[in-house]
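Breakdown of the fold
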Protein chains: 2
Amino acid sequence: MKKINNKLPSGNYNIFIGKNILSKLTKEIEHLNLHKNVLFIIDRNVNKYYYKYIFDNIKAKFNKSDSIIINSNELEKRIASAEKIYSQLIQKKYGRDTLLIAIGGGIVGDIAGFVAATYMRGIQYVQIPTTLLAAVDSSVGGKTGVNFGDAKNIVGCFYQPKLVLIDTHFFKTLNQSEIICGMGEVVKYAFLSDVNFYNYLNLNLNKILKLEPNVIEKVIYESIKFKCSVVMQDEREDGLRKILNLGHTFAHALEIAQKYKIKHGQAVIVGIVCSLFLSNRIGYINKENLNLYLKFLNIFKSKIKLKNLSTDEMYKIMLKDKKNRNGKIKFVLPIEIGKIFIDAECSVSLIIDSISESIKFFVNK
Amino acid sequence: MKKINNKLPSGNYNIFIGKNILSKLTKEIEHLNLHKNVLFIIDRNVNKYYYKYIFDNIKAKFNKSDSIIINSNELEKRIASAEKIYSQLIQKKYGRDTLLIAIGGGIVGDIAGFVAATYMRGIQYVQIPTTLLAAVDSSVGGKTGVNFGDAKNIVGCFYQPKLVLIDTHFFKTLNQSEIICGMGEVVKYAFLSDVNFYNYLNLNLNKILKLEPNVIEKVIYESIKFKCSVVMQDEREDGLRKILNLGHTFAHALEIAQKYKIKHGQAVIVGIVCSLFLSNRIGYINKENLNLYLKFLNIFKSKIKLKNLSTDEMYKIMLKDKKNRNGKIKFVLPIEIGKIFIDAECSVSLIIDSISESIKFFVNK
């Protein structure tokens, strides 16, 4: 088992990573003296496969413990889902001394975190991410929120959990496309952090895709350690934290353009490829490095499908992104491994060209 | 003009109090280097009477400045109203660099503050309270929120404004019942703070009801100064801040029982009277002091009407209050001026008796 302490201006908390560590949950609730009025918010599939595993591992004597089962897809990540949870909390008389425990992927965590941030002006919550994507990304950093209209995550708060517990036992039912999803963010950290991690990934990509326990634990640990180091310096995304958006401006637009039929992590990989092409066009990345990086990403070609994608439509959606409200799109672009340019502005034609080249990359298998 | 600096763990900001000081708004926006993409959220009545005054006094060159007009009543203080504002913000392409300016009573301020706390995980906002109640209470302290189902303010955040500007020029259109409303909270501070302020109020109640400028400015100043001193020590209401709920457990239930036909501040006065009776029954306040305090509150008898109030119904609603989720109602009770008991628990019969006595007090004019 590995442990990271995420020290933030708004408080600090531990992140545990390991296999079959769910029993730590109740020990930590005792140890941290968290509230004993518990509402579990659980993903429908996770509940189906792991109901027994979850409840066999919970030995704590709670005063209350109800559960809400959530269908997790982007279309349900809306205020209406938060309202269902508020109703349940009110109906079952949960007070300010409530502990929400989110067990599921990023959508469950984002909705539960938003409810925790806003119910009675803030109650405690714990994140138990059950997907690789949620483990390396959304469960850490305190970004909570829901979509509104076409805009992703536009209603939300910065609100930190009291504990994050990553039990890789939950990963055994992940299918290949869900693993690829998580890899989107992992690949992002490869570009953001350093050559060591990039090389480690380059050597072990196949083992990761097979979820080999020691490798996956190290990958999650390194990814989160890097993310925490960034969030620690810039909790509310006023500057440095923006680098974590590498590939995401493209990815968000792609998800909307493909009506969420492409998964977030896959969209991030496409987004990173777009960023590489754009960075090359602007002159930040030379041709040689571009080819090396594309080769590193080759393994994902066969695993991502883009359907009827219009570059113009994608560009229009990017203009609507919450980060680009004043008509200018700002990009995070890689220069080389560990060296990143923030707030790059580019001409419309370069942006559209780099989307086209990226589509070609994924279409020409 | 008077000025208070509210120093809080989550940041500090100034509160200005005076007559015809609205022109300070644009100077302070420059001075504090706040964002220039402005969305005004204005109460419908305030907009009707003060449109010219507001916009004559705004000399700043904003990049954007749209307005949303809000109907302010408790029934509109819901997530749906926040959603209307989100829609407008998205449609008009407001980004993270947005400044919301709320001009209105407590409802406008609470909704606008909640939107500011949750749009793109937090944008800047300024409070310009236009009622005595909002000035002495909700505009200061960072409590934002909306009602959900029957539960008041149950969805919200702690989120502080960048500036509070109290221009008593807006008070000239307040009717008597709205002044009484504000007095509810002022009277509360009289019991909470000290004998000096209590005596000052006792001597000047008539002048306050006539909104005599120097008197009203001092009353607002003293009330806010006291509130700030409490919030400073306990921003998130973990302990001391609870004293600010004096009278409010009764008041919230009363408002629901009367279907919001009684105003909040009036309900607080009734709630304080209930607390005085309850405190006397428990033995905290002696008979002599009880009579003195009731005499001080005599002036409000003729100004508050209670219609078809069932004590049992009120008790049932109190059990549903967000502060009383585990079946126990906790009260803030006055012992003497400046001396308060927090988290008092009482038998059902004493609670119901004190409601009955309070009803009698207001019915026997």
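In this text the structure is predicted, and so the values were computed from the model without any measurement.

**Overview of helix α4 (residues 106-118) of chain B**
For α4(B), with 13 residues, the first-to-last C-alpha span of 18 Å sits near the 18 Å given by 1.5 Å per residue. Taken across its 13 residues, α4(B) has twelve buried, putting it largely inside the fold.

**Remarks on the interface of chain B and chain A**
Of the residues lining the interface, 35 residues belong to chain B; the matching set on chain A comes to 34 residues. Surface buried jointly by chain B and chain A totals about 3,100 Å² across both partners, of which 55% is contributed by carbon and sulfur atoms. At the junction of chain B and chain A, the tally comes to four salt bridges. A salt bridge links A:Glu237 to B:Arg96, with the nearest nitrogen and oxygen atoms 3.6 Å apart. Applying the counting criterion to the chain B and chain A interface returns 14 residue pairs in polar contact (both at pLDDT 80 or more).

**Overview of the environment of B:Ile269**
Residue and element names in this part refer to chain B. The residue isoleucine 269 is located in helix α10 (residues 264-282) in this model. Taking the C-alpha atoms as reference, isoleucine 269 lies 7.5 Å from valine 187; in sequence the two are 82 residues apart. Among residues more than four places away in sequence, those in contact with isoleucine 269 are Ile180, Met183, Gly184, Phe300, Ile304 and Phe362.

**Here we look at the relation of the copies chain B and chain A**
Of the transformation superimposing chain B on chain A, the axial component is 0.0 Å and the angular component is 180 degrees, with the fit at an RMSD of 0.0 Å. Both copies of the chain, as the preceding transformation shows, are related through a two-fold rotation axis. Same-surface contact between copies: 97% of interface residues of chain B are shared with the interface of chain A.

**Some points on the packing of helix α9 (residues 248-257) of chain A against helix α10 (residues 264-282) of chain A**
Residues and elements named next belong to chain A. One can describe the packing of α9 onto α10 by two numbers: an axis separation of 7 Å at closest approach and a directional angle of 130 degrees. The orientation of α9 with respect to α10, classified from their angle, is oblique. For the pair α9 and α10, the sense of crossing is right-handed. Together, His248, Phe250, Ala251, His252, Leu254 and Glu255 of α9 and His264, Ala267, Val268, Val270, Gly271, Cys274, Ser275 and Leu278 of α10 make up the contact between the two elements. Grouping the constituent residues of the contact of α9 with α10 by class yields eight nonpolar, five polar and one charged.

**Looking at unusual backbone geometry**
Most of the time, phi is negative for any residue but glycine, and the peptide bond is trans. Residue and element names in this part refer to chain A. You will see that asparagine 153, though not glycine, has its phi angle at about 55 degrees, which is positive. Counting through the fold element by element, asparagine 153 comes out in strand β8 (residues 151-155). For asparagine 153, a relative accessible area of 10% puts it in the buried group.

**Describing the side chain of B:Lys24**
Relative to the assigned elements, B:Lys24 resides in helix α1 (residues 24-31). Exposure remark for B:Lys24: the relative accessible area of 19% places this residue in the buried category.

**Observations regarding the domain arrangement of chain A**
Residues and elements named next belong to chain A. Taken domain by domain, chain A comprises domain 1 (2-173) and domain 2 (176-363). The interface is formed by 36 residues belonging to domain 1 together with 35 residues belonging to domain 2. Both faces combined, the contact of domain 1 with domain 2 buries some 3,100 Å², and carbon together with sulfur accounts for 66% of it. For the interface between domain 1 and domain 2, the tally reads three salt bridges. Close ionic contact of lysine 152 with glutamate 255 constitutes a salt bridge, the shortest N to O distance being 3.2 Å. Counting across the interface, domain 1 meets domain 2 through eight residue pairs in polar contact (both at pLDDT 80 or more).

**A few points about the sheet that holds strand β5 (residues 98-104) of chain B**
All names here are of chain B. Spatially, β1-β2-β9-β6-β5-β3-β4 is the arrangement adopted by the seven strands of the open sheet, whose pairing is mixed. Sheet topology places β1 (2-8) and β4 (64-70) at the edges, where each strand pairs with a single neighbour. Averaged over all pairs of adjacent strands, the angle between their axes in this sheet comes to 15 degrees, without regard to strand direction. Relative to strand β6 (residues 124-129), β5 runs parallel, the two being bridged by six bridges. Within the sheet, the bridge partner assigned to isoleucine 101 lies in β6 and is valine 126. Strands β3 (37-43), β4 and β5 of the sheet are contacted by helix α3 (residues 79-91), whose axis makes an angle of about 160 degrees with β4.

**Topic: the state of the cysteines**
Simply put, disulfide is the name for a covalent bond between the sulfur atoms of two cysteines. Throughout the structure, instances matching the rule amount to zero disulfides over all chains. Left without a disulfide partner, A:Cys346 is nearest to the cysteine sulfur of A:Cys274, which lies 12 Å away.

**Structural notes on the sheet that holds strand β3 (residues 37-43) of chain A**
Residue and element names in this part refer to chain A. Reading across from one edge, β1-β2-β9-β6-β5-β3-β4 is the order of the seven strands in this open sheet, with mixed pairing throughout. Looking along the sheet, the strands with just one partner apiece sit at the ends: β1 (2-8) and β4 (64-70). If you compare each strand with its neighbour and ignore which way they point, the axes differ by 15 degrees on average. Two strands pair when backbone bridges link them, and strand β6 (residues 124-129) and strand β9 (residues 163-167) are joined in this way by two bridges, in the parallel orientation. Within β9, the residue paired with glutamine 127 across the bridge is valine 164. Lying over the sheet, helix α1 (residues 24-31) contacts β2 (11-18), β5 (98-104), β6 and β9, oriented at roughly 165 degrees with respect to β9. Its contacts with the sheet place helix α8 (residues 213-233) against β1, β2 and β9, and it is angled at close to 10 degrees to β1.

**A look at the pairing of β8(A)**
Residues and elements named next belong to chain A. With five of five residues buried, β8 is to be regarded as a mostly interior element. Sheet topology note: the strand β7 (residues 146-148)/β8 ladder contains two bridges and is antiparallel. Bridge pairing links valine 146 to valine 155 in β8. Between the end of β7 and the start of β8, which pair antiparallel, lie two residues, with glycine 149 showing a positive phi angle near 60 degrees.

**Structural notes on the nonpolar core**
Among the nonpolar cores identified, the biggest contains 108 residues, and B:Ile15, B:Ile101, B:Phe170, B:Phe191 and B:Phe331 are the most heavily contacted of them. Sequence-distant contacts of B:Ile15, that is, excluding residues within four places in its chain, are made with B:Lys2, B:Lys3, B:Ile4, B:Asn6, B:Val140, B:Val164, B:Ile166, B:Ile224 and B:Cys228.

Conventions used here
Residues numbered from 1 in each chain as written. Chains lettered and ligands numbered in written order. Predicted model: local features only at pLDDT ≥ 70, side-chain atom pairs only at ≥ 80, totals over all residues. Heavy atoms only, no water. Helix = DSSP H or I, 4+ residues; strand = E, 2+ residues; numbered from the N terminus. Expected span 1.5 Å × (residues − 1). Buried < 20%, exposed > 50% of the residue type's maximum accessible area, 1.4 Å probe, protein only. Contact = heavy atoms within 4.5 Å. Buried area = accessible area lost by both parts, 1.4 Å probe. Salt bridge = Lys/Arg side-chain N within 4 Å of Asp/Glu carboxyl O. Polar contact = N/O pair within 3.5 Å; in protein donor to acceptor, adjacent residues only side chain to side chain. Least-squares fit on C-alpha atoms with pLDDT ≥ 70 in both. Axes fitted to C-alpha atoms, helices over the stretch in contact; angles between N-to-C directions. Parallel < 35°, antiparallel > 145°, perpendicular 65-115°, else oblique. Left-handed = near helix turned anticlockwise from the far one by under 90°. Nonpolar A, V, L, I, M, F, W, Y, C, P; charged D, E, K, R; others polar. Domains from an automatic or database assignment. Pairing = 2+ DSSP bridges. Disulfide = S-S within 2.5 Å. Core = buried A, V, L, I, M, F, W, Y, C linked by side-chain atoms within 4.5 Å.

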